[in-house]
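Chain by chain, the residues run as shown.
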Amino acid sequence: MKIKSHLDTNERLEFDMTPMIDCVFQLIIFFMLTLRYTAVEGDFNIKMPIATDAAANPDALPTIRVRLTAAPDGRLSGIQFSDRPVANFAELRQLVMDYVGGGRTPDQADSGGEVEFDCDYRLKYQYTIAAITAVSGQVGPGGQIVRLVEKINFAPPRPE
Amino acid sequence: MAHKIDTSHKLKFDMTPMIDCTFQLVIFFMLTLNYSMEEQDERIKLPSSELAKPVEAMAETNIMLQLTKEGTVLVGGDEVPVPGLRSVLDRERQALVSRKGGNVRDATIVIRGDAAVPTGTVQEVIQMAQKAQFEKFVLRAREPLAQEAPQ
């Protein structure tokens, strides 16, 4: 016996989509309002000595001392790499590369060396971060980071 | 002459493409929503660094200290002047120690300093945290924008 479908194909089944569309628009508005475009952020590790066990390792590279001086308005006025004047951050990076040994590749860990920053009190923080960037590493041609020195340290703050 | 409208014939339109687009939008906005950004204060203009790459994992024991150029520190929803930070850090240390398995040595102090803050202030904050027995510190920077020249 042929079973007859009770659905009349001429009459299409309809349902009210209005509440669903309302909800979806509410969701869109919520997500749009909470959307914030922020720049990607990254961290630099700082090793502040409390117990100095690094001195016990005779193979460790000697600590480099980088002095950053500031003009009265907080701008950078001078850089010194172990008492040697340096013109800019690119030259500072080159000196650090010479110190850790050239030919480093992106897959290598950092050199194990240590840099101590001695900054003027009023020096704007952006210059300190720029100097830390110069000694920490370099972005290679393929966009990979070549690590140089990741042990960063600060000398005691100078009086204002 | 009266114009007659045939009311029995309802006008229909296909809503499928519109719903498709709408769901695509919902998915896009959901995926771009980042809850970890909630604790970042917009007043802080971070210094840029070409080495700033996304932080892979945020430890639970991170303490975020945000230094404004006005000389205050934003910590845990409070705004305190730099000299008043010590008591806040002591309180945080107590909270960590009282937590089961909590250790001050595992906690990391994340410093989000404004680019115009004097470096001496950042150093003072680090010193204060050291006195409160914190040992791990990270300085946060942002990726340079496309129009910024590399350093």
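Refer to the structure above for everything that follows.
The rules behind these values
Residues numbered from 1 in each chain as written. Chains lettered and ligands numbered in written order. Predicted model: local features only at pLDDT ≥ 70, side-chain atom pairs only at ≥ 80, totals over all residues. Heavy atoms only, no water. Helix = DSSP H or I, 4+ residues; strand = E, 2+ residues; numbered from the N terminus. Buried < 20%, exposed > 50% of the residue type's maximum accessible area, 1.4 Å probe, protein only. Areas by Shrake-Rupley, 256 points an atom, 1.4 Å probe, with all protein chains shown as cover. Pairing = 2+ DSSP bridges. Axes fitted to C-alpha atoms, helices over the stretch in contact; angles between N-to-C directions. Core = buried A, V, L, I, M, F, W, Y, C linked by side-chain atoms within 4.5 Å. Right-handed = clockwise from strand over helix to strand, strands pointing away. Contact = heavy atoms within 4.5 Å. Buried area = accessible area lost by both parts, 1.4 Å probe. Salt bridge = Lys/Arg side-chain N within 4 Å of Asp/Glu carboxyl O. Polar contact = N/O pair within 3.5 Å; in protein donor to acceptor, adjacent residues only side chain to side chain. Left-handed = near helix turned anticlockwise from the far one by under 90°. Nonpolar A, V, L, I, M, F, W, Y, C, P; charged D, E, K, R; others polar.

The helix and strand inventory of chain A stands at 3 helices and 8 strands. Its helices and strands taken in sequence order, chain A reads α-β-β-β-β-α-β-α-β-β-β from the N to the C terminus. Scored against the burial criterion, the 160 residues of chain A give a buried share of 36%. Total accessible area computed for chain A in this model is approximately 10,200 Å², and 54% of it derives from carbon and sulfur atoms.

Further remarks concern the sheet that holds strand S3 (residues 76-81) of chain A. Residues and elements named next belong to chain A. Across the sheet, which stays open at both edges, the 5 strands sit in the order S4-S3-S2-S5-S8 with mixed pairing between neighbours. Only two strands of the sheet have a single partner each, and these edge strands are strand S4 (84-86) and strand S8 (151-154). Taken over all neighbouring pairs, the strand axes of this sheet differ in orientation by 30° on average, direction set aside. Of the pairings in the sheet, the one linking S3 to S4 comprises 3 bridges and is antiparallel in character. Paired with Gln-80 across the bridge in S4 is Pro-85.

The next thing to look at is the nonpolar core. One finds Phe-117 of chain A together with Leu-65, Phe-134 and Leu-139 of chain B to be the most contacted residues of the largest nonpolar core, which totals 59 residues. If one sorts the elements of this core by residue count, helix H3 (residues 125-136) of chain A sits on top with 8 residues. In terms of nonpolar packing, the next biggest core, distinct from the first, is built from 6 residues, Ile-28 and Phe-31 of chain A together with Phe-29 and Leu-33 of chain B among them.

Now for the pairing of strand S4 (residues 108-113) of chain B. Residues and elements named next belong to chain B. A large share of S4 lies buried, amounting to 6 of its 6 residues. A two-sided burial pattern is seen for S4, the buried positions comprising Thr-108, Val-110 and Arg-112 on one face and Ile-109, Ile-111 and Gly-113 on the other. Note that S4 and strand S5 (residues 136-142) share 4 bridges and pair parallel. Within S5, the residue paired with Thr-108 across the bridge is Lys-136. Handedness of the crossover joining S4 and S5 through helix H3 (residues 119-131) is recorded here as right-handed.

Another aspect to go through is the interface of chain A and chain B. Chain A puts 49 residues into the contact, and the matching count from chain B is 53 residues. A combined buried area of about 4,600 Å² lies between chain A and chain B, and 65% of that area is made up of carbon and sulfur atoms. Seen at the junction of chain A and chain B, the total is 2 salt bridges. Its salt-bridge partner being Arg-140 of chain B, residue Asp-43 of chain A comes within 2.6 Å of it at the nearest N-O pair. The tally of links from chain A across to chain B stands at 14 residue pairs in polar contact (both at pLDDT 80 or more). Among the elements of the structure, helix H1 (18-34), strand S1 (41-47), H3 and strand S6 (137-139) of chain A are those that each provide at least two residues to the side of chain A that touches chain B.

On to unusual backbone geometry. Residues and elements named next belong to chain A. Phi at Ser-82 takes a positive value of approximately 50°, unusual for a residue other than glycine. As for its position among the elements, Ser-82 is in the loop between S3 and S4. The phi angle at Asp-83 is positive, at roughly 70°, despite the residue not being glycine. Given a relative accessible area of 66%, Asp-83 falls into the exposed group.

Moving on, we get to the packing of helix H2 (residues 89-100) of chain A against H3 of chain A. All names here are of chain A. Where H2 meets H3, the axes come as close as 8 Å, and the angle between the chain directions of the two elements is 35°. The two elements H2 and H3 cross, and the hand of that crossing is right-handed. On H3, the residues touching Phe-89, Leu-92, Arg-93 and Val-96 of H2 are Tyr-127, Ala-130, Ala-131, Thr-133, Ala-134 and Val-135. Residues that form the contact of H2 with H3 fall into these classes: 8 nonpolar, 1 polar and 1 charged.

What follows deals with the pairing of strand S3 (residues 78-81) of chain B. One face of the sheet, then the other: side chains in a regular strand alternate in exactly this way. All names here are of chain B. Note: strand S2 (residues 72-75) against S3, 4 bridges, orientation antiparallel. Bridging across to S3, Thr-72 finds its partner in Pro-81. Turn length for the S2-S3 hairpin, with the two strands adjacent in sequence and antiparallel, is 2 residues, and the turn residue Gly-76 shows positive phi of about 55°.

With that settled, consider the sheet that holds strand S1 (residues 62-67) of chain B. Read across the open sheet, the 6 strands follow the order S1(A)-S5(B)-S4(B)-S1(B)-S2(B)-S3(B); overall the sheet is mixed. Every interior strand has two partners, whereas the edge strands, S1 of chain A together with S3 of chain B, have only one. Looking at each pair of strands side by side, their axes are set apart by 30° on average, direction ignored. As judged from the 6 bridges shared by S1 of chain B and S4 of chain B, these two strands associate in the parallel manner. Looking at the pairing, Leu-67 of chain B lines up with Gly-113 of chain B of S4 of chain B.

A few words now on the side chain of Arg-112 of chain B. Looking at the secondary structure, you find Arg-112 of chain B in strand S4. Separated by 2.5 Å, the side chains of Arg-112 of chain B and Gln-66 of chain B make a polar contact. For Arg-112 of chain B, the residues in contact, after removing those within four places along its chain, are Glu-41 of chain A together with Gln-40, Asp-41, Ile-44, Leu-46, Met-64, Leu-65, Gln-66, Leu-67 and Arg-140 of chain B.

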